[in-house]
Amino acid sequence: MRATTIHAPFDMRVTDVPEPIVQLPTDAVVRVLRACICGSDLWAYRGEAARQPGQRIGHEFLGVVEETGSAVGTLRRGDLVVAPFMWSDGTCEYCAEGLTTSCVHGGFWGSVGYDGGQGEAVRVPFADGTLVKLPGEAASDDHLLTGLLTLSDVLGTGHHAALGAGARPGATVAVVGDGAVGLCAVLAAKRLGAERIIALGRHEARTDIARRFGATDVVAARGDEAVAAVRELTRGQGAHAVVEAVGTEQSMSTAVNITRDGGAIGFVGVPHGSGTGLDLSVMFDRNIALRGGVAPVRTYIPELLPDVLDGTIDPSPVFDMTVDIEGVPDGYRAMDERTALKVLVTND
């Protein structure tokens, strides 16, 4: 079959690899219908996250179950399923607590020796604990499939950030970052009842989506200028709830400085750079809480799925470019050059 492999910085290839097979009784093999490229994949693409030459890549996909191991009890051949960006057994103490990303048997798609989502099929460990069944009729609805794909990562991660920040009815929420996760955090904050949502971003095409998703204000600035603008919009106080969806020192510093005393920051931007942007004395003096991290999206999918299915929320606009599997390297280039927000990969 065909699958995306990474060989060196900026060297993505679509190559022939062995078809996946059931290796353990708890496995399933899923034929991928939709996958996508994540902003976090770009760190490997740029050489800022180490990968072995030929390693698989991609952690967001949905598809149809092709084969199941003898111990798989909740799925069968032909089921339409979505996979969260990490697999989990569904039975350990962390899974029972909802922290599926800390599962003692869990792992990340594209790890050495495992399949990546940007391919034609994937071997799924612990299929019962990992995969979530979707209505079969969704397979024939392209628009709905695209929205459902966001459940694998960006929608759940945006929701995790909004929850960590304390988005709630009556709150003012500010979102630092106009990538797909930041935009989904806007959508999540709106869904959670936030009264005012301030989106920080400088790309008009993206902030237009933010407004569509529920942003009431847009701040097209960075650093001190952004802080001053948010303060002006909030009577000098800052936002009750702030989402940090970038992961740089500057973005975290901005998040701290636009948070209202007694507020909270929900951080989901994968940290990179020379520092954290955190001034603990400022956070201590102003009673600012910090929550977030790797989003346990498997826990959130059952809650978010009904709203995507009935159209209450439609996260599909975060995809603005579509390629087939052979076009994945072009998709990486487009996202790296910021000519695409998020690239959808189809295997129809």
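The coordinates are above.
Residues numbered from 1 in each chain as written. Predicted model: local features only at pLDDT ≥ 70, side-chain atom pairs only at ≥ 80, totals over all residues. Heavy atoms only, no water.

Draft legend 1. Spotlight on the packing of aromatic side chains. Under the criterion given, the structure shown has 6 aromatic pairs. Ring centres of Tyr45 and Tyr332 lie 5.3 Å apart, and the angle between their planes is 35°; on these two criteria the pair is classed as tilted. With Tyr45 in helix H1 (residues 41–45) and Tyr332 in helix H12 (residues 328–336), the pair connects residues that are 287 residues apart, well separated along the chain. Each member of the pair, Tyr45 as well as Tyr332, is classed as buried. By way of ring pairs, the aromatic residues Phe61, Trp87, Trp109 and Tyr114 are connected into one cluster. Lying across the ring of Trp43, Arg46 places its NZ or CZ 5.3 Å from the centre. (Phe/Tyr/Trp six-rings, centres within 6.5 Å; stacked < 30°, edge-to-face > 60°. Helix = DSSP H or I, 4+ residues; strand = E, 2+ residues; numbered from the N terminus. Buried < 20%, exposed > 50% of the residue type's maximum accessible area, 1.4 Å probe, protein only. Lys NZ or Arg CZ within 6 Å of the ring centre and 35° of its normal.)

Draft legend 2. Representation of the pairing of strand S18 (residues 343–346) in the model. Residues of S18 alternate between two faces, with Val343 and Val345 on one and Leu344 and Thr346 on the opposite face, all of them buried. Both strand S3 (residues 28–37) and S18 contribute to a ladder of 4 bridges, which runs antiparallel. Of the residues in S18, the one forming a bridge with Cys36 is Leu344. Pairing of strand S17 (residues 321–324) with S18 involves 4 bridges; the strand directions are parallel. The partner of Met321 across the bridge, within S18, is Val343. The parallel pair S17 and S18, bridged by H12, forms a crossover whose chirality is right-handed. (Pairing = 2+ DSSP bridges. Right-handed = clockwise from strand over helix to strand, strands pointing away.)

Draft legend 3. Seen up close, the pairing of S3. The element S3 is largely enclosed, with a buried count of 9 among its 10 residues. Two strands pair when backbone bridges link them, and S3 and strand S5 (residues 61–68) are joined in this way by 7 bridges, in the antiparallel orientation. Bridged to Ala28 within S5 is Thr68. Alignment of S3 against strand S9 (residues 121–124), held across 4 bridges, turns out to be antiparallel. When the bridges of S9 are listed, Ala28 appears paired with Val124.

Draft legend 4. Structural detail: the pattern of salt bridges. Considering all chains together, one arrives at 18 salt bridges under this definition. The salt bridge involving Asp261 is made with Arg286; its shortest N-O contact spans 2.7 Å. Here Asp261, found in strand S15 (residues 259–267), pairs with Arg286, found in the loop between helix H10 (280–285) and strand S16 (289–292); they are 25 residues apart in sequence, far enough to count as distant. The class of Asp261 is partly exposed, set by a relative accessible area of 46%. Taking relative accessible area as the criterion, Arg286 reaches 15% and is therefore assigned buried. What emerges from the salt-bridge pattern is a single network uniting Arg2, Asp16 and Glu326. (Salt bridge = Lys/Arg side-chain N within 4 Å of Asp/Glu carboxyl O.)

Draft legend 5. Region of the structure containing helix H6 (residues 180–191). Taking 1.5 Å of rise per residue, the 12 residues of H6 would be expected to cover 16 Å, and the 16 Å separating its terminal C-alpha atoms lies within 8% of that figure. Of all 12 residues that make up H6, 10 are buried, and the element is covered over most of its length. Buried residues of H6: Ala180, Val181, Gly182, Leu183, Cys184, Ala185, Val186, Leu187, Ala188 and Ala189, and no others. In this structure, the buried side of H6 is in contact with helix H5 (154–165), strand S11 (172–176), strand S12 (196–200), helix H7 (204–213) and strand S14 (239–244). Gly193 occupies a position one or two residues after H6 and carries a positive phi of about 100°. (Expected span 1.5 Å × (residues − 1). Contact = heavy atoms within 4.5 Å.)

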